[in-house]
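# Report on the structure
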Amino acid sequence: FAPPKGIGLVLDAGVVKGGGYLFIDAERGEYAGALELKFLTFSIKAIGLLSTKRPDGSDGWSLLLFVFGQFNVHIAFGIFWTGAGGMVGLHHRSDVDALSAGMRTGALDDVLFPQNPVADAPRIINRYRTLFPVTDGNLLIGPMLELSFSDPPIVFVRLGVIFDVRNALSPGPVTLSKVVLVGQVLVQLPARKLGVPAILRL
């Protein structure tokens, strides 16, 4: 019995709405999924990728997990705290060249608070493989933050800091190999929340 590689699920229970996506490739030892749940004005999104084999097929494992919470808390002067989250990667590293190229290709949209993680799960998971390749012993930790201006918001600011630690999960000297700062500023008029075509998008 070979299960399908991509399975989608939608939930609507009135107060709680959500959906999910599950990807299974037993031959390659790869399992991935995405989940989004909305409760009133709060939502939680998660995307995970688990491998039970190394890319060359040898024994080994790796895990990459992103979790985002989105809400709406007014700070002051029309500035709102609208998201918090982060990532953890076990036996993964960050590819700075791929992340830099992602500024032009839109890949950072999938790293910093993706808008539709379930609908876009196949593309997002594939991008994660490139942006955060499997590397034995490496550890990634990255807190993330989202702020907005106005209500409904017309400006979003998203920031993340990724700490790349070498040999954290294997023998050898543990070193902080690099710190990667990723960020986005998005301006859209009318506000995206209104669901009408954008006149201005920067």
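For the structure itself, look to the data block above.
First, a word on what this report is: a plain description of the structure on this page. (Residues numbered from 1 in each chain as written. Predicted model: local features only at pLDDT ≥ 70, side-chain atom pairs only at ≥ 80, totals over all residues. Heavy atoms only, no water.)

## Here we look at the overall build of the protein chain
Heads up, the rule is: Secondary structure elements follow DSSP: runs of H or I of four or more residues count as helices, runs of E of two or more count as strands, with numbering from the N terminus. Computation of the radius of gyration draws on C-alpha atoms, with the globule rule given as 2.2 Å multiplied by the number of residues to the power 0.38. Each residue is placed in one exposure class: buried if its accessible area under a 1.4 Å probe, protein chains only, is under 20% of its type's maximum, exposed if it is over 50%, and partly exposed if it falls in between. In short, Shrake-Rupley with a 1.4 Å probe defines the accessible areas, and a residue's cover is counted only from the protein chains shown.
Within the protein chain, the regular secondary structure consists of 3 helices and 10 strands. The N-to-C order of helical and strand elements in the protein chain reads β-β-β-β-β-β-α-α-α-β-β-β-β. Taken against the 2.2 N^0.38 rule, which gives 17 Å for 202 residues, the C-alpha radius of gyration of the protein chain at 18 Å falls within 12% of a compact globule. For the protein chain, the spread of C-alpha atoms along the three principal axes comes to 50 × 45 × 25 Å. For the protein chain, the proportion of its 202 residues judged to be buried stands at 39%. On the protein chain, roughly 11,000 Å² of surface is accessible, and the fraction owed to carbon and sulfur atoms is 66%.

## Things to note about the packing of aromatic side chains
The description of an aromatic ring pair uses the distance of the two centres, along with the angle that the planes make with each other. As a reminder, the rule being used: Ring pairs shown here join Phe, Tyr and Trp side chains whose ring centres sit within 6.5 Å, with only the six-membered ring taken for Trp; geometry is labelled stacked below 30 degrees between planes, edge-to-face above 60, and tilted in between. Cation placement over rings: the criterion is NZ of Lys or CZ of Arg within 6 Å of the ring centroid and within 35° of the ring normal.
All told, the structure shown has 7 aromatic pairs when counted by the stated rule. Pairing Phe66 with Tyr128 gives two aromatic rings, centres 4.3 Å apart and planes at 20°, and the pair type is stacked. In this pair, Phe66 sits in strand E5 (residues 59-76) while Tyr128 sits in helix H3 (residues 121-131), placing the two residues 62 residues apart along the sequence. Residue Phe66 shares its accessibility class with Tyr128, and that shared class is buried. Three or more aromatic residues joined by ring pairs form one cluster here, namely Phe66, Phe68, Phe113, Tyr128 and Phe132. The positively charged end of Arg192 is found above the aromatic ring belonging to Phe156, 4.9 Å away from the centroid.

## Regarding a nonpolar patch on the surface
This is how the line gets drawn: Each patch is assembled from residues with relative accessible area greater than 30% and no salt bridge, linking like charges that lie within 9 Å and nonpolar side chains (Val, Leu, Ile, Met, Phe, Trp, Tyr) that lie within 5 Å. Salt bridges are identified by distance alone: a Lys or Arg side-chain nitrogen within 4 Å of an Asp or Glu carboxyl oxygen.
A surface patch of nonpolar side chains, about 680 Å² in accessible area, is lined by Val73, Ile75, Phe77, Ile79, Trp81, Leu145 and Phe149. Contributing elements (two or more residues each) for the nonpolar patch: E5, strand E6 (79-92) and strand E7 (134-149). As for its placement among the helices and strands, Trp81 is situated in strand E6.

## What to know about the pairing of strand E9 (residues 175-189)
What counts here: In short, DSSP must find at least two bridges between two strands for them to pair.
Where strand E8 (residues 155-166) meets E9, 12 bridges bridge the pair, whose relative direction is antiparallel. Following the sheet pairing, Val157 is matched in E9 by Val185. In terms of strand pairing, E9 meets strand E10 (residues 200-201) through 2 bridges, oriented antiparallel. Considered in E10, the bridge of Gln188 is made with Arg201.

## Quick notes on the side chain of Gln184
To keep things clear, this is the line we draw: Note on contacts: a residue pair is in contact if any heavy atoms of the two residues lie within 4.5 Å.
As for its position among the elements, Gln184 is in strand E9. The contact partners of Gln184, leaving out residues within four places of it in the chain, are Leu108, Asp109, Leu112, Phe156, Val157 and Arg158.

## So, the pairing of strand E2 (residues 16-25)
The buried fraction of E2 is high, at 7 of 10 residues. When E2 meets strand E3 (residues 30-39), the two strands line up antiparallel, connected through 10 bridges. Considered in E3, the bridge of Gly19 is made with Glu36. From the end of E2 to the start of E3, which pair antiparallel, there are 4 residues, and Gly29 there has a positive phi angle of about 70°.

## Re the side chain of Asp164
To keep it simple, the criterion reads: Counting of polar contacts relies on pairs of N or O atoms within 3.5 Å, with two restrictions inside protein: one atom must be capable of donating a hydrogen and the other of accepting it, and residues adjacent in sequence are counted only when both atoms are side-chain atoms.
Mapped onto the elements of the fold, Asp164 is located in strand E8. Overall, Asp164 belongs to the buried group, its relative accessible area being 1%. At 2.9 Å, the side chain of Asp164 forms a polar contact with the side chain of Ser94. Within the local environment of Asp164, its side chain forms a polar contact with the side chain of Asn138, the two groups lying 2.4 Å apart. With residues up to four places along the chain from it excluded, the contact list for Asp164 reads Arg93, Ser94, Asn138, Leu139, Leu140, Thr175, Leu176, Ser177 and Lys178.

So far we have only geometry, and geometry alone does not tell us how the molecule works.
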